[in-house]
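# A closer look at the structure
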Amino acid sequence: NCFIKLPLKNEQSSDDSTVRLHLCSSKVQKKNYREEKKRATKELLSTITDPSVIVMADWLKIRGTLKSWTKLWCVLKPGVLLIYKTHKNGQWVGTVLLNACELIERPSKKDGFCFKLFHPLEQSIWAVKGPKGEAVGSITQPLPSSHLIFRAASESDGRCWMDALELALKCSSLLKRTMIREGKEDASTATIGGDHSINFYSLLRAHNIHGFQFNDTDHLKDPDLYSDKSDREGEQDHEESDPEGLEKSEESDSDTSERQDDSYIDMDPNEHLRETPYMEQSHEELGEAGEAAQTETVSEENKSLIWTLLKQVRPGMDLSKVVLPTFILEPRSFLDKLSDYYYHADFLSEAAIEENAFNRMKKVVKWYISGFYKKPKGLKKPYNPIIGETFRCMWLHQKTNSKTFYIGEQVSHHPPVSAFYVSNRKDGFCLSGSILAKSKFYGNSLSAILDGEARLTFLNRGEDYVMNMPYAHCKGILYGTMTLELGGQITIACEKTGYSAQLEFRLKPFLGSSDSVNLISGKIKLGKEVLATLEGHWDSEIFINDKKTGTVDTFWNPTPELRQSRLTRCTVPPEEQGEFESERLWQHVTRAINNKDQTEATNEKFVLEEVQRKSARERKAKCEEWIPALFEQDPITGEWHYRYADTRPWDPLNDLIQFEKDGCIQTKVRHRTPMVTVPKRKHKSDKPKSPESGCSSPEPDHQDSSGSERHKSKHNNRLRKKGTDLSELQSAIESIKKTQEDINRIVSVLRGRTVSRAEGGFLQQRDFVLIVFLVLLQVLINYVFK
């Protein structure tokens, strides 16, 4: 019995120890389970709330349940996609959990690139709370629960988003650990305007990820696969303690780890910019307000020159080909004079962030008027630019720490056309346009007509403000005092908002007093409704009358204090200027005029004009056309566009600084993003340009006056394409004509049958239907091709 009881007792003891071991193991597992849950929750919340942890952020269009599109700000973080109504991340719309989602490209007939994020089993992809614990998101159109359809602006944008989402789907745990660690280390150096960003592509290279394919030894592990928290912590410690190994891996595999797409190149934010040096403008002439600054008494010697000149012209004649005497010339180019409108470009910076459309239009009008009070003393005319001449300058914005760049080029000589482009992407605006200068002689007066328009664009709003220019009127040429005035009807219109402004520059009447000089009046309208009226003098005080409130306030007054607060203009030093830049090109003429040596000024001016005529004769003999270096003309609309225009809204997470090099306005970025250009200006024959590393705009092509083979090829391809399109259109018209003749023949036959049947006493119903159908078809064809 004792022998039997002993093993029973041992067996009982063994069972008890097994139970105790099992209970102990269960407690450890529960503890690890709770700790793992807390770690995963803490890791996810950390990535959501930490502003430094961002894989990618940009505007995307999202299709709602009503099949309409809404533009929303999307922020991709490891494991989640946060959607906001604005780019300031203040109005949360929803949070998408990526762990159960699939990603697929979606075909679309519309412009842009579509892709779909969806749950394979048609379950909800949304989290119930926002990044700050929000329970209810911002009001937008209803979004689907089990999927989302996104549209990017271009295919390259969409591909970039798909790559980033693919990475976030496949390796969220690695991204969380790495980006949190790098974000804390680099928070002090990655701050731009209060936001933080981690470079997406440097993260790829740091872990030797190429094409999102992984080796078995480097495969990313899910946190739930760890059996013990200590193993996980040990691996994290191993990763953190070996940064040199990562750097060596990056250096050894740099050829295979970098993306082959040149649109995305990592930038060192501390890299020195190769930009054009600018210096503050040394001298500037400002005329006084009123008529005194716009009149001039001509000496007897100069009057004889004017009489000699007037004998060559007749009333109504265009003076663009007449050589004017140098004593009436202002010592600067017309391209330089066009930049007078941007000494108060800070008004445009304020307008770009103004939320009220009416106030935005008022600031635009105020900026427009601010460009006229800067005038030379006396009656002066700037140089007529020669073809190929360029001018560039820049203004410093102290309040916003930004720069406004101006680029001008004379793109044609007969007729004389000046094209210009202004850009300040950081403050959210750009402006482009072209001016055709014409002159008309009327006997005792002449008018300088500036034919053309400028287009101001607010990048963040997609609004265009189209405006024209007043004309300059000079009277008293033969008798009386020579006086220069501005006149004409001006319109500033924004089609998107419906607001417009109409201004009238009024000439002094024949019996008018000094108070009737430089008068301006206008009104600001919404559609046909007048909201406010303007009255005053464009070079002094202007009052605005608000029609709704009835209040009258000062709208504009260039006081000495305001003139002192103008933006500082910087120009390129003469030694850094090219041969065809305005100041260097006209330097000898300018020096002679400033020394009041009219003979030398005339001789130097004649030398420049003679060189220009010789070049024009050579191009004509070779049957060559002049190819501008910085602008290109749209073959359909005839408008001139800056070759390197970048109209993307400023991205504080990616864009670092805007600068200019050799006439090309560029942006230094953290990584390359595709350019947003006007499709009608993009041709297949264009060769890719070679941009400066880390810049979002390409370097300009250096061309001589005879053009290059690239532009010849481009021109020939365009002509061939146009010829092909015309031939296809002609064949289509011939085919339609043949079909129309067949229909006429069938209708004639049916009419004959109808008559014969009518004589027989009846028509079948189908005959009536067929006749009506053919007659309607005939009417439709005649209407379309009338």
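What counts, and where the lines are drawn
- Residues numbered from 1 in each chain as written.
- Predicted model: local features only at pLDDT ≥ 70, side-chain atom pairs only at ≥ 80, totals over all residues.
- Heavy atoms only, no water.
- UniProt positions renumbered as here; feature names shortened; annotations may be inferred.
- Helix = DSSP H or I, 4+ residues; strand = E, 2+ residues; numbered from the N terminus.
- Buried < 20%, exposed > 50% of the residue type's maximum accessible area, 1.4 Å probe, protein only.
- Contact = heavy atoms within 4.5 Å.
- Areas by Shrake-Rupley, 256 points an atom, 1.4 Å probe, with all protein chains shown as cover.
- Axes fitted to C-alpha atoms, helices over the stretch in contact; angles between N-to-C directions.
- Parallel < 35°, antiparallel > 145°, perpendicular 65-115°, else oblique.
- Left-handed = near helix turned anticlockwise from the far one by under 90°.
- Nonpolar A, V, L, I, M, F, W, Y, C, P; charged D, E, K, R; others polar.
- Pairing = 2+ DSSP bridges.
- Expected span 1.5 Å × (residues − 1).
- Polar contact = N/O pair within 3.5 Å; in protein donor to acceptor, adjacent residues only side chain to side chain.
- Core = buried A, V, L, I, M, F, W, Y, C linked by side-chain atoms within 4.5 Å.
- Salt bridge = Lys/Arg side-chain N within 4 Å of Asp/Glu carboxyl O.

If you look the protein chain up in an unreviewed UniProt entry, it shows as Oxysterol-binding protein from Takifugu rubripes. Quoted verbatim from the Sequence similarities (unreviewed entry) heading of the UniProt record, the comment on the protein chain is "Belongs to the OSBP family." The annotation that UniProt attaches to the protein chain under Subcellular location (unreviewed entry) is "Endoplasmic reticulum membrane".

What follows concerns the overall build of the protein chain. Counting secondary structure elements, the protein chain contains 17 helices and 29 strands. A burial count over the protein chain gives 43% of its 786 residues as buried. Within the protein chain, contacts between residues at least 6 apart in sequence are counted, and of these 61% link residues at least 24 apart. With an accessible surface of roughly 43,100 Å², the protein chain has 54% of that area assigned to carbon and sulfur atoms.

Running from amino to carboxyl end, helix H14 (residues 587–594) crosses helix H15 (residues 598–621) at an angle of 165 degrees, the nearest separation of the two axes being 8 Å. Viewed along their axes, H14 and H15 adopt a mutual orientation that is roughly antiparallel. Note that H14 runs across H15; the crossing there is left-handed. The segment H14 lies against H15, with His588, Val589, Arg591, Ala592 and Ile593 engaging Glu600, Ala601, Glu604, Lys605 and Leu608. The class makeup of the residues in the contact of H14 with H15 is five nonpolar, one polar and four charged.

Attention now moves to the sheet that holds strand S6 (residues 113–118). Reading across the sheet, the seven strands line up as S4-S3-S2-S1-S7-S6-S5 and stay open at both edges, with antiparallel pairing between neighbours. Only two strands of the sheet have a single neighbouring strand rather than two, namely strand S4 (92–97) and strand S5 (102–106). With direction set aside, neighbouring strand axes in the sheet form an average angle of 35 degrees. As judged from the eight bridges shared by strand S1 (residues 56–63) and strand S2 (residues 69–77), these two strands associate in the antiparallel manner.

Next up on the list: helix H2 (residues 155–170). In this model, H2 (16 residues) spans 22 Å end to end at C-alpha, consistent with the 22 Å of a helix rising 1.5 Å per residue. Restricting attention to buried positions, one finds in H2 the residues Asp157, Gly158, Cys160, Trp161, Met162, Asp163, Ala164, Leu165, Leu167 and Ala168.

Turning next to the pairing of strand S21 (residues 519–526). Of all eight residues that make up S21, six are buried, and the element is covered over most of its length. Pairing analysis gives eight bridges linking strand S20 (residues 499–506) to S21, with the strands arranged antiparallel. Bridge pairing in S21 links Ser500 to Lys525. Note: S21 against strand S22 (residues 529–537), eight bridges, orientation antiparallel. Looking at the pairing, Leu519 lines up with His537 of S22.

Right, let's talk about the side chain of Asn424 for a bit. In this fold, Asn424 is placed in strand S14 (residues 417–424). For Asn424, the side chain forms a polar contact with the side chain of Ser402, separated by 3.2 Å. Dropping the residues within four chain positions of it, Asn424 is found in contact with His397, Ser402, Lys403, Thr404, Phe429 and Gln658.

Inside soluble globular proteins, nonpolar side chains tend to come together where they are buried. Formed by 57 residues in total, the largest nonpolar core has its most connected members in Tyr342 and Tyr368. For this core, the element with the most residues is helix H11 (residues 357–369), which contributes eight residues. For Tyr368, the residues in contact, after removing those within four places along its chain, are Tyr341, Met467, Asn468, Met469, Pro470, Ile490, Ile492, Leu503 and Phe505. One finds Cys101, Leu148, Trp161 and Leu165 within the second-largest nonpolar core, a separate group that totals 29 residues.

The subject of this paragraph is the UniProt feature "transmembrane region" (unreviewed entry) in the protein chain. Feature annotation in UniProt places "transmembrane region" (unreviewed entry) on residues 768–785, given in this structure's numbering. Here residues 768–785 runs as 94% helix and 0% strand, with 26 Å between its end C-alpha atoms.

With that settled, consider the pattern of salt bridges. A full pass over the atoms with the stated rule returns 26 salt bridges. Two residues, Lys337 and Glu330, come together in a salt bridge whose shortest N-O distance is 4.0 Å. Overall, Lys337 belongs to the partly exposed group, its relative accessible area being 25%. Among the residues examined, Glu330 registers a relative accessible area of 7% and is labelled buried. Glu535 is the salt-bridge partner of Arg506, the closest N and O atoms lying 3.5 Å from each other. On the criterion of sequence distance, the pair formed by Arg506 in strand S20 and Glu535 in strand S22 is long-range, its members being 29 residues apart. Residue class for Glu535 comes out partly exposed when judged on its relative accessible area of 42%. A cluster of three or more residues bridged by salt bridges with shared partners is formed by Glu330, Arg332, Asp336, Lys337, Asp340, Lys374 and Arg569.

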